[in-house]
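Chain residues, written in single-letter form:
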Amino acid sequence: MTAQPAIREFTAPFIAGPIPGPRSAEMLARQQQRESNARTYPRNLPIAIDEAHGSFVRDMDGNVFIDFLAGAGVLSLGHNHPELIGVAAEQLGRFTHGLDFPTPAKEAFIDAQLSMLPAAMREKMKIHFCGPTGANAVDAAIKLCKTVTGRGDIVSFQGGFHGSSAMGMALTGLVQQKAPVPNGMPGVHFFPYSYCSRCPLGLSPDDCGANCAAFLENTLKDDLSGMAKPAAVILEMVQGEGGVIPATREFVQRIRTVTRELDIPLIVDEVQTGCGRTGTWFAFEHYGIEPDVIVASKALSGIGSPVAIILYNRELDKWAPGAHTGTFRGNQLAFASGAEAVRIVRRDGILQQVRERGKQIEGLLKPLEELPWVHEVRGRGMMWGIELADPVTGRPAGTLARQVQEEVLQKGLILETGGRGGCVVRLLPPLNTSAEVVGTACRILAETISGLLPVPVQPE
Ligand code: PMP
């Protein structure tokens, strides 16, 4: 192979041949031999990765892809952001693992996290460092709310995703993932989410009346509902894995009102939507509400160095010392790069950029709704989904979404799917992706989806 330009010089994908190329194929075969059957991403995205920079990834065969998976939303400033790597490397030489002792890196990180909150919340909130995954922070949030309220039940929402720990899975909609693991956490009650293009209550937008919110309100207030008052309601502002479904404003506000009225803590899971992904620091800001507990993880360090936290109202700080421990709660590299990431987002006006790129994506992809296969294009900021459906039956077209994922990969674009039956093609670009690269990726996607039209109806 002739020498290629450095990965940081790419502004468009470069594909040398069919994917996977020979070296990736060899490593994928070895992976299949040695790694768990539960592995996921490389099944549908069959590449082995050599290096990455910004919004681009190079595989072992020299193919260069636009990466709109970005570590499942972790790499908010792209791969290997030089300034983040710089501060992490400096920290690496100083002190790396600190349990939950105070350190300067941690203090700077806490300052940065609190500074992202709306001003009125900054003094109210405390922070707890959890084990290093989003799921572990979800566990912590549930433990906190159960401890404080003395109640056992939890309200979650259909289509929601909260992680793969035992508790996270119990709160998640994914029936197939839960089915083989009986006896999960009891007491989780699933309620309809404001998924308006497929209203869970079967209503048309004209006679909606936010009945999904009304259903929850009525249940919570009904002394014959069969459900005890819950310890918490846990909610995503935009369901990510569930298919990029932004909650409606009325739905969220009514949930906030009723939970406040009944003294039920509201946990907002911002693992995917946090750190500026939707164009505000936290997605709940779009809704004009104040949650009681915020769960955050993924993009907190900006470089994929794991860290997970909950931020919660100090009035809830009634759990005992050691109530949620974990060895890996003091990742100093993550703290150092995370504080720097917040500084860079401010310095470079990234939140504004996210809003602008979001409008750009909407402008480029929304017209696809004219196509018979496209049920809906929706999203916010740098988080978008295209839901595909059979034009005859209206059923979610997961097979087709898989086909789109595969075809765009062959053209140099890495995308993930999600939603019911995997029928939503999802975009989770780094927040600082240029307008040019966003344009290229959307063109690849739009061409591919337009080209799908002659395909006969796929049975799901
Ligand atoms: N909550 C949400 C909203 C998520 O999107 C995810 C991960 N996709 C999680 C929780 C779990 O995070 P982790 O995989 O780090 O456990």
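Sequence order sets the numbering: in each chain, residues are counted from 1 along the sequence as written. With the structure being a predicted model, the display of local features is reserved for residues of pLDDT at least 70 and the display and counting of side-chain atom pairs for 80 or more, all residues being used for whole-chain, interface and lining totals. Heavy atoms from the whole structure form the basis of all side-chain values; hydrogens and water molecules are not counted.

1. Topic: the nonpolar core
By convention a nonpolar core is built from buried Ala, Val, Leu, Ile, Met, Phe, Trp, Tyr and Cys residues, the set being connected through side-chain atoms within 4.5 Å. The rule is simple: take the accessible area with a 1.4 Å probe, protein chains only, and divide by the maximum for that residue type; under 20% is buried, over 50% is exposed, in between is partly exposed. Among the nonpolar cores identified, the biggest contains 95 residues, and F157, F251 and L445 are the most heavily contacted of them. Strands here mean DSSP runs of E at least two residues long; helices mean DSSP runs of H or I at least four residues long; both are numbered from the N terminus. Residue contributions to this core peak at eight residues, all from helix α15 (residues 435–451). Residue contacts are defined here by distance: any two heavy atoms, one from each residue, within 4.5 Å place the two residues in contact. Apart from the residues within four sequence positions on either side, F251 is in contact with F157, P192, Y193, S194, C212, A213 and L235. Of all hydrophobic cores here, the second largest spans 26 residues; its members include C145, I154, L171 and V188.

2. Section: unusual backbone geometry
That bond from I19 to P20 is cis: its omega, 0°, falls within 30 degrees of zero. Among the secondary structure elements, P20 is positioned in the segment before α1 (22–34). Residue N183 is not a glycine yet carries a positive backbone phi of 65°. Along the polypeptide, N183 turns up in the loop between α9 (175–178) and β6 (188–191). Overall, N183 belongs to the exposed group, its relative accessible area being 77%.

3. Focus on the packing of aromatic side chains
Ring pairs (aromatic) are described by centroid distance and by the angle formed between their planes. Here a pair means two rings of Phe, Tyr or Trp (six-membered ring of Trp) with centres within 6.5 Å. Their orientation is stacked below 30 degrees between planes, edge-to-face above 60, and tilted elsewhere. One pass over the full model with this rule turns up nine aromatic pairs. Where Y193 meets F251, the ring centres are 5.5 Å apart and the plane angle is 75°; that geometry is what we call edge-to-face. Residue Y193 is located in the loop between β6 and α10 (211–221), and its partner F251 is located in helix α11 (residues 249–261); the two are separated by 58 residues in the primary sequence. Residue Y193 is classed as buried on the basis of its relative accessible area, which comes to 1%. Judged by centre distance (6.0 Å) and plane angle (90°), the rings of Y312 and W319 are edge-to-face. The residues Y312 and W319 share a single accessibility class, namely buried. Taken together, the ring pairs connect F109, F129 and F335 into an aromatic cluster. The ring of F129 is capped by K106, whose NZ or CZ atom sits 4.5 Å from the centre of that ring. Any Lys NZ or Arg CZ that is within 6 Å of a ring centre and within 35 degrees of that ring's normal is treated as a charge sitting over the ring.

4. Looking at the site of the ligand
Nearness is defined per residue: one heavy atom within 4 Å of the molecule or strand is enough. Around the ligand, the neighbouring residues are T133, G134, A135, F161, H162, G163, E236, E241, D269, V271, Q272 and K298. Counted as a polar contact is a pair of N or O atoms within 3.5 Å, where, for protein atoms, one must be capable of donating a hydrogen and the other of accepting one, and residues adjacent in sequence contribute only when both atoms are in side chains. Within the backbone of A135, one N or O atom sits 2.8 Å away from an oxygen atom of the ligand. Between the ligand and D269, the relevant distance is 2.7 Å, taken from a nitrogen atom to a side-chain nitrogen or oxygen of the residue. Method for areas: the Shrake-Rupley scheme with a 1.4 Å probe, in which residue coverage is limited to the protein chains shown. When the ligand is considered free in solution it has 390 Å² of accessible area, and contact with the protein chains removes 82% of it. In the scheme used here, Gly and all other residues not listed as nonpolar or charged are polar, with Ala, Val, Leu, Ile, Met, Phe, Trp, Tyr, Cys and Pro taken as nonpolar and Asp, Glu, Lys and Arg as charged. Of the residues assigned to the shell around the ligand, the class counts are three nonpolar, five polar and four charged.

5. Structural notes on the pattern of salt bridges
The working definition used for a salt bridge is a side-chain nitrogen of Lys or Arg within 4 Å of a carboxyl oxygen of Asp or Glu. Counted under the stated rule, the structure contains 19 salt bridges. Between E290 and K124 there is a salt bridge whose closest N-O contact spans 2.7 Å. Separated by 166 residues along the polypeptide, E290 in the loop between β10 (266–269) and β11 (293–296) and K124 in the loop between α6 (119–122) and β4 (125–129) bring together distant segments of the chain. We classify E290 as partly exposed; its relative accessible area is 24%. Under the relative-accessibility criterion, K124 is labelled partly exposed at 32%. Between R254 and E250 there is a salt bridge, and its shortest N-O distance comes to 3.1 Å. With R254 and E250 both in helix α11 and four residues apart, the pair spans about one turn of that helix.

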